[in-house]
Amino acid sequence: MVSSFMLNRRRFLKLSATALAAASAGCLSGKLPAEKKLPESKLPSENAWRFGIIADTQWEADDNGFNPASCAVEILNAVYAEFIKHNVEFAFHMGDMTDDGKDPFAVYNRATEKYDVYGPADAMGIVARYTQQLYNRGIGFFPLRGNHENSEICALEFRNFFPQTQNCIHNSTEAQRAAYAVFNPDAKRLPDIKRTGKPFSMGTNFSSPSDDLKGFSYSFDHKNVRFVIPDIFTLPDGTKRTIRSQQDWITDRLKTRETEHAIVLTHKGLLTQRNRDCIFGAETSKTTPGQDEFITSLSQNGVRYLICGHDHMYDRSHVYTHDGGSAKVTQIIAGSDSSKFYIPRVPSNDETYSEGRRQKLISQELFAISYIIVTVDGEHVTFDYYSSPCYTGDTIVNTPYLNFSRQDTFGYSLNGRNFLVPYGAEYSVTELTSAGGTTAKILGGINGNEGKDLSGRRFNVEVCAGFYPKDGATAGDILTLKGMDYTLGSGFTDIFTLSMTYDSGSPVLAGLNEKGQWQNAVDFSSGGVGQFIRGAWKPEYPLGTYGIDTSSKTVWAVINTNGFFAPVNF
């Protein structure tokens, strides 16, 4: 459907182009009859399911009475409430669950005016305790370790409090009983979450590369997605395992899967914006061994996204092999849910280590608390990034008022294509045909994104396109189009012309509203006045113009929004 913030930010009232379509079809009043019901489609489908992503819940500041054991519990609770609202089936935590939890530590508590002494069991137990609100609703929880859990004793406590990383059984009675017993000086000030429900299973086909990595590096299937989560941090015996030593297992899990999709998650990334260290070592250097094999394995086995944390910002980019092009993966830095925020390096790590040839930027947000909701609907995967700005520098000492809103939407379709469009280039490279024979094209429009990161690198636009099959409401297959609204939170794109072929009737190019109803596509644009044209599109036609070309059996519209589109007979 067309995004809600597109509808809420209409700049002025205008005559409904749907009404104009009715007039062009012979309705003398110029309006749809009052009893006329708009055609409807159910998208996403009833089979769609969701999972959530939270990243880096470290609390670096003194405890203000609401964030014990160096964990940002207030933010954790707020994001969990969002996960519940979005009806996710499980959530990933990208690691660095606390700031100091890998060793015994002391934190000054401003509420009690004394120092509290914690151990790794307290740190892991606090996270597990407040995760109970997910378990109570049957929502699974899959955590990763980060560098702030990088010790022998923390490795033991991680497995103790999160046994689901070994067997996919969540809400363990023993683990949660222990979680409620750890030291928590802020318990009376924080929500009292009662333990309900029984242990439950979430995930199938569980695997780890070896017995010593069980509970740290793990992989599982859920419905039509395989997840692979490799770990590089200190094990209980004091040793570590590199990505290279796990590469055969990673490749085997990706290659032998029977699921439609595969996603890989790691705490550290490949080539991030602030941190120089990566999953392959202390620096993302030209000679870091194993990176090219890892990226190539993901690329050859259909993995579109590598999701990571660690960098305390939201960032989306293509990361390539060292030759700059033989293979790539889209790296998503999932944001920050902590008391600290980072900014990109100048010059960029890509420029420092790879002469600027390994990374192409797409989207970025700094100084925001955030989360991601991923919707999987058959062949289609959609990421919605939500955030609440902090309006601050690099750290906070109290949790700000959190008002989350959707800022970025992107994804892919197995039956479609993604098109990376540089600044100043034409969107007309976008053309694809569905299995049912519907062709969608962008006929006009130029990428006007003038945004740059702090090092001066341009942001690209990634057009994400695919198809749902036609239904009784449409005169052709349904196009899902996203990723073009590069101004975060705006919902609007550059002006472009979308064209689609149709099967029958005299349809109009329509967009799907939040109620699942089809309206004229130009209704959703910001600006422009609906004007109907019989004939082919011409480059001089302004925003809000739409038409039908019966000679080529195409409908078209000049718009500045993304969403679901189809030819529809009103």
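Refer to the structure presented above.
In short, a report on the structure. (Residues numbered from 1 in each chain as written. Predicted model: local features only at pLDDT ≥ 70, side-chain atom pairs only at ≥ 80, totals over all residues. Heavy atoms only, no water.)

1. Side note on the sheet that holds strand β1 (residues 49–54)
Moving on, step 1. Ordered by their spatial adjacency, six strands build an open sheet running β5-β2-β1-β16-β17-β18, and the pairing between neighbours is mixed. The open sheet has two edge strands, β5 (140–143) and β18 (405–413), and neither has a second partner. Taking the axes of each pair of neighbouring strands and ignoring which way they run, one obtains an average angle of 20° across the sheet.
Moving on, step 2. Pairing of β1 with strand β16 (residues 368–377), which is carried by five bridges, proceeds in the antiparallel orientation. Of the residues in β16, the one forming a bridge with Gly52 is Ile373.
Moving on, step 3. Relative to the sheet, helix α3 (residues 73–85) contacts β1, β2 (90–93), β5 and β16, its axis offset from that of β16 by approximately 25°. (Pairing = 2+ DSSP bridges. Helix = DSSP H or I, 4+ residues; strand = E, 2+ residues; numbered from the N terminus. Axes fitted to C-alpha atoms, helices over the stretch in contact; angles between N-to-C directions. Contact = heavy atoms within 4.5 Å.)

2. Re empty space enclosed by the protein
Gaps left between atoms show up when a probe the size of a water molecule is rolled over them.
Moving on, step 1. Counting across every chain of the model gives two cavities of 30 Å³ or more.
Moving on, step 2. What lines the largest cavity is Leu144, Arg145, Phe216, Ile229, Pro230, Asp231, Ile232, Phe233, Thr266, His267, Lys268 and Ile279.
Moving on, step 3. Looking at the lining of the largest cavity, its residues break down into seven nonpolar, two polar and three charged.
Moving on, step 4. One number sums up the size of the second largest cavity: a volume of about 40 Å³.
Moving on, step 5. Every residue lining the second largest cavity is listed: Arg316, Ile362, Ser363, Asp408, Asn460, Val461, Gly483, Asp485, Tyr486 and Leu488.
Moving on, step 6. A class-by-class count of the residues in the lining of the second largest cavity yields four nonpolar, three polar and three charged. (1 Å grid on protein atoms, 1.4 Å probe; cavity = no way out; pocket = protein on both sides within 12 Å on 5 of 7 lines; lining within 4 Å. Points joined across faces, edges and corners; volume = space filled by probe spheres on them. Nonpolar A, V, L, I, M, F, W, Y, C, P; charged D, E, K, R; others polar.)

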